[in-house]
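Results of the structural survey
For reference, the chains in residue letters:
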Amino acid sequence: MDFLSLGTARFAYEEHGGGPTLVFLHPGVGDHRVWSETTTLLPDFYTFAYDRRGFGFTESEPQQHSSVEDLRSILDARGIGRTVLVGNSQGGRIAIDMTLAYPERVRGLVLIGPAVSGAPWPDDGGAVRELSIQIEEAEGREDLDAVNRLEAHLWLDGPECGEGRVVGPARELFLDMNGRALRFGDIGEAVPAPSAWDRLSELQIPVLVLFGEYDVAALRDIAKVIAERAPLGEYRELSGVAHVPQMEDPKLCAQIISGFTQMLPGA
């Protein structure tokens, strides 16, 4: 792990290999380590993953900031030109926002259970609603250990699955990453990106949208809309995994990312 200083922030990152460039953007329940096993399975690519403000090992003083501008500045500082962005959840939202703001910098998108700026939040019911209520109650008690455990059930196991479906090192890593994020100090005001929901047709590059079978079902519609509105969009569902499939089946995710990138024009 290395660090890149930009202004008052010191971003933690890891980079490996050589070849076509892949930049990985982590979810809101993880940090750059969520990609560690996947990137080791991509030796023919240059892979770059970093921790955003408020996550992992990045250090920053409280100040107004933009995730898209942070990403652009990091790419500039590392000399990374046009790249493929691989984003999970919040990371997917940032990947879309970056592409709309700087289309010349992105040659393809792999979006895993992505969020979208400005998307209407679908109605959650059943197990999702119950877990969300429990999380809010734990937050009210300032019981961050309980919040972490419940969020692991929601996002790692999948809300309709039993708690503890995913065990071993993957669960330990999830709890460490999310625990760090939950306990992170003030990072200042995040400047929201403009809504991307009505601009998805402007994504004039290949877009692969992946969605886990056990992920929050209400988010499936958002994933499908991205693939439908993006002119070169494709939707694919992954069996037996939830919101962070790269932690459950890094080999499959690496194969999909590699195959997608090799098929891009000019690859």
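Check the entry above for the structure.
The text that follows walks through the structure, step by step, so that each part is easy to find. Note that the coordinates shown come from a computational prediction; the quantities given were computed from them, not determined experimentally.

Regarding its fold elements, the protein presents nine helices and eight strands. Rg of the C-alpha trace for the protein: 17 Å, near the compact-globule value of 18 Å for 267 residues, within the 12% margin. When the 267 residues of the protein are sorted by exposure, 53% land in the buried category. For the protein, restricting intrachain contacts to residue pairs at least 6 apart in sequence, the fraction spanning at least 24 positions comes to 74%. Looking at the protein as shown, the accessible area adds up to about 11,500 Å², and 49% of this sits on carbon and sulfur atoms. Charge-centre separation for the protein: the mean point of 23 positive side chains lies 4 Å from the mean point of 41 negative side chains.

A word on the packing of aromatic side chains. Tallied over the full model, the rule gives four aromatic pairs. With a centroid separation of 5.2 Å and 25° between ring planes, the pair formed by tyrosine 13 and phenylalanine 48 is classed as stacked. On the criterion of sequence distance, the pair formed by tyrosine 13 in strand β2 (residues 9-16) and phenylalanine 48 in strand β4 (residues 46-50) is long-range, its members being 35 residues apart. Consider the rings of phenylalanine 24 and tryptophan 35, whose centres lie 5.0 Å apart with planes at 50°: the pair is tilted. With a gap of eleven residues between them, phenylalanine 24 in strand β3 (residues 21-25) and tryptophan 35 in the loop between β3 and α1 (36-40) connect regions that are remote in the sequence. For the pair phenylalanine 24 and tryptophan 35, one class covers both residues: buried. Here arginine 10 stacks its cationic end above the ring of phenylalanine 3, 3.9 Å away from the centre of that ring.

Turning our attention to the packing of helix α2 (residues 67-77) against helix α3 (residues 90-101). Running from N to C, α2 and α3 point in directions that differ by 70°, and their axes come no closer than 9 Å. Looking at the two axes, α2 sits roughly perpendicular to α3. Residues Ser67, Val68, Leu71, Arg72 and Leu75 of α2 pack against Ile94, Asp97, Met98 and Ala101 of α3. Residues belonging to the contact of α2 with α3 are distributed by class as follows: six nonpolar, one polar and two charged.

Moving on, we get to the side chain of threonine 58. Examined against the element boundaries, threonine 58 turns out to sit in the loop between β4 and α2. Of the polar contacts made by the side chain of threonine 58, one reaches the backbone oxygen of aspartate 51; its length is 2.7 Å. Non-local contacts of threonine 58, meaning those with residues more than four positions away in its chain, are made with Arg10, Phe11, Ala12, Asp51, Arg52, Arg53 and Phe184.

Turning next to the pattern of salt bridges. The tally for this structure, following the rule as stated, stands at 16 salt bridges. With a closest N to O distance of 2.6 Å, arginine 183 and aspartate 145 form a salt bridge. Note that arginine 183 is positioned in the loop between α6 (169-182) and β7 (207-212) and aspartate 145 in helix α5 (residues 144-157), a separation of 38 residues in sequence. Residue aspartate 145 is classed as exposed on the basis of its relative accessible area of 54%. Measuring nitrogen to oxygen at the nearest pair gives 2.9 Å for the salt bridge that ties arginine 165 to glutamate 248. Taken together, the residues span a long stretch of sequence, with arginine 165 in the loop between α5 and α6 and glutamate 248 in helix α8 (residues 245-248) at a distance of 83 residues. Each of Asp31, Arg33, Asp176 and Arg180 takes part in a single network of salt bridges with overlapping partners.

Glancing now at the sheet that holds β7. Across the sheet, eight strands lie side by side as β1-β2-β4-β3-β5-β6-β7-β8; this open sheet has mixed pairing. Of all strands in the sheet, those bounded by a partner on one side alone are β1 (2-6) and β8 (233-238). Across the sheet, the mean angle separating the axes of adjacent strands is 25° when strand polarity is ignored. Pairing geometry for β3 and strand β5 (residues 83-88), over four bridges, is parallel.

So, about the nonpolar core. With 80 residues, the main nonpolar core has Leu71, Ile96, Leu109, Val207 and Ile226 as its most contacted residues. With seven residues, α5 is the single largest residue contributor to this core. Once you skip the residues sitting within four places of it in the chain, valine 207 turns out to touch Leu109, Leu111, Ile226, Ala230, Leu232, Gly233, Glu234 and Phe260.

So, how was this worked out
- Residues numbered from 1 in each chain as written.
- Predicted model: local features only at pLDDT ≥ 70, side-chain atom pairs only at ≥ 80, totals over all residues.
- Heavy atoms only, no water.
- Helix = DSSP H or I, 4+ residues; strand = E, 2+ residues; numbered from the N terminus.
- Rg over C-alpha atoms; globule rule 2.2 N^0.38 Å.
- Buried < 20%, exposed > 50% of the residue type's maximum accessible area, 1.4 Å probe, protein only.
- Contact = heavy atoms within 4.5 Å.
- Areas by Shrake-Rupley, 256 points an atom, 1.4 Å probe, with all protein chains shown as cover.
- Lys, Arg positive; Asp, Glu negative; His and termini not counted.
- Charge placed at Lys NZ, Arg CZ, Asp CG, Glu CD.
- Phe/Tyr/Trp six-rings, centres within 6.5 Å; stacked < 30°, edge-to-face > 60°.
- Lys NZ or Arg CZ within 6 Å of the ring centre and 35° of its normal.
- Axes fitted to C-alpha atoms, helices over the stretch in contact; angles between N-to-C directions.
- Parallel < 35°, antiparallel > 145°, perpendicular 65-115°, else oblique.
- Nonpolar A, V, L, I, M, F, W, Y, C, P; charged D, E, K, R; others polar.
- Polar contact = N/O pair within 3.5 Å; in protein donor to acceptor, adjacent residues only side chain to side chain.
- Salt bridge = Lys/Arg side-chain N within 4 Å of Asp/Glu carboxyl O.
- Pairing = 2+ DSSP bridges.
- Core = buried A, V, L, I, M, F, W, Y, C linked by side-chain atoms within 4.5 Å.

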